Amino acid sequence: MLWVSPATALYLGPSLGLAAHSTSVHCLVVGVDGPLEVRVGADAVSARSVLVPPRTAHRVVAEPGTRILFCYNDANAVRAQELSALMTEPGLLATRHRDEPALLRLCGRAAPSGAELGEAAFGTATPPEPRIRRTMERVRADPAGCTATTLAQAEHLSTPYFLRVFGRETGTSFRRYRLWARMLRAAESIAAGADLTRAAADAGFASPSHFSDAFLAMFGLSATALLGTGARLVAGGTPGEWSGKSVGSARTAARY
């Protein structure tokens, strides 16, 4: 299962032998069927749940065929602290989510709820600083066309100052955040029935190969490989809308 919204995305399914990758936002990784290992360079942690910060190159190692829950969430500086506080063992890779038993129980249901999983994983968010909140909304509304210059002008800021404030408030760079928003827009297009070529264009990628390369770097496998598993995808404006969406197979979207 894949659930996506403008601020949150979740994957629940078998481990896919992911290569090392680096996401634009925070990622909570949960070993549904047993402990997993997350490696950052020569260091590694082993746990049932691990929080990976943005822009951290890492590799997730799990037994073949076991299930993994990936939970991706946008976070400003305050939100990042809140997410870290949900983990009971601190560190660069914090481990042992406070509600780990609840997450495992929700994953074990016959028909898991993405909305309930997202709430258990991330709790309630503190709204970001108003200028950055408006900027994030503009990026989500138009990930294909927005630029740092136009967004800075909208808030009457110089571009260099805007980029510094954005990084400070979100915990990631503007470029990486826009890339994340484009990935979510592509997912929404696929959920609506588009193939990968159309989805890449809708999201503002220069070409299907640009989208493919960016997807591989961010998630550790190709979009074609992921969708070729027959994963079922649900997209909504907010996680609360996931429950009301019809769910369709994404397998047929995995073609150029």
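Look up: the structure comes first, before these words.
For the structure given in this document, a descriptive report is provided here.

What counts and how
- Residues numbered from 1 in each chain as written.
- Predicted model: local features only at pLDDT ≥ 70, side-chain atom pairs only at ≥ 80, totals over all residues.
- Heavy atoms only, no water.
- Disulfide = S-S within 2.5 Å.
- Buried < 20%, exposed > 50% of the residue type's maximum accessible area, 1.4 Å probe, protein only.
- Helix = DSSP H or I, 4+ residues; strand = E, 2+ residues; numbered from the N terminus.
- Salt bridge = Lys/Arg side-chain N within 4 Å of Asp/Glu carboxyl O.

### Notes on the state of the cysteines
Right, so step 1: Summed over all chains, the structure comprises zero disulfides.
Right, so step 2: With no disulfide of its own, Cys107 lies 7.3 Å from the sulfur of Cys71, the closest cysteine sulfur.
Right, so step 3: Taking relative accessible area as the criterion, Cys107 reaches 1% and is therefore assigned buried.

### A closer look at the environment of Arg79
Right, so step 1: Positionally, Arg79 belongs in helix 1 (residues 77–85).
Right, so step 2: When its relative accessible area of 4% is taken as the criterion, Arg79 is described as buried.
Right, so step 3: When the C-alpha positions of Arg79 and Glu169 are compared, they lie 9.3 Å apart, and in sequence the two are 90 residues distant.

### Describing the pattern of salt bridges
Right, so step 1: This structure, assessed with the given rule, holds ten salt bridges.
Right, so step 2: The closest approach of N and O atoms between Arg96 and Glu89, which form a salt bridge, is 3.8 Å.
Right, so step 3: As a salt-bridge pair, Glu169 and Arg168 come within 3.7 Å of each other at their nearest N and O atoms.
Right, so step 4: Take Glu169: its relative accessible area is 17%, and that puts it in the buried class.
Right, so step 5: One network of salt bridges, in which partners are shared, links Arg134, Arg138 and Glu155.

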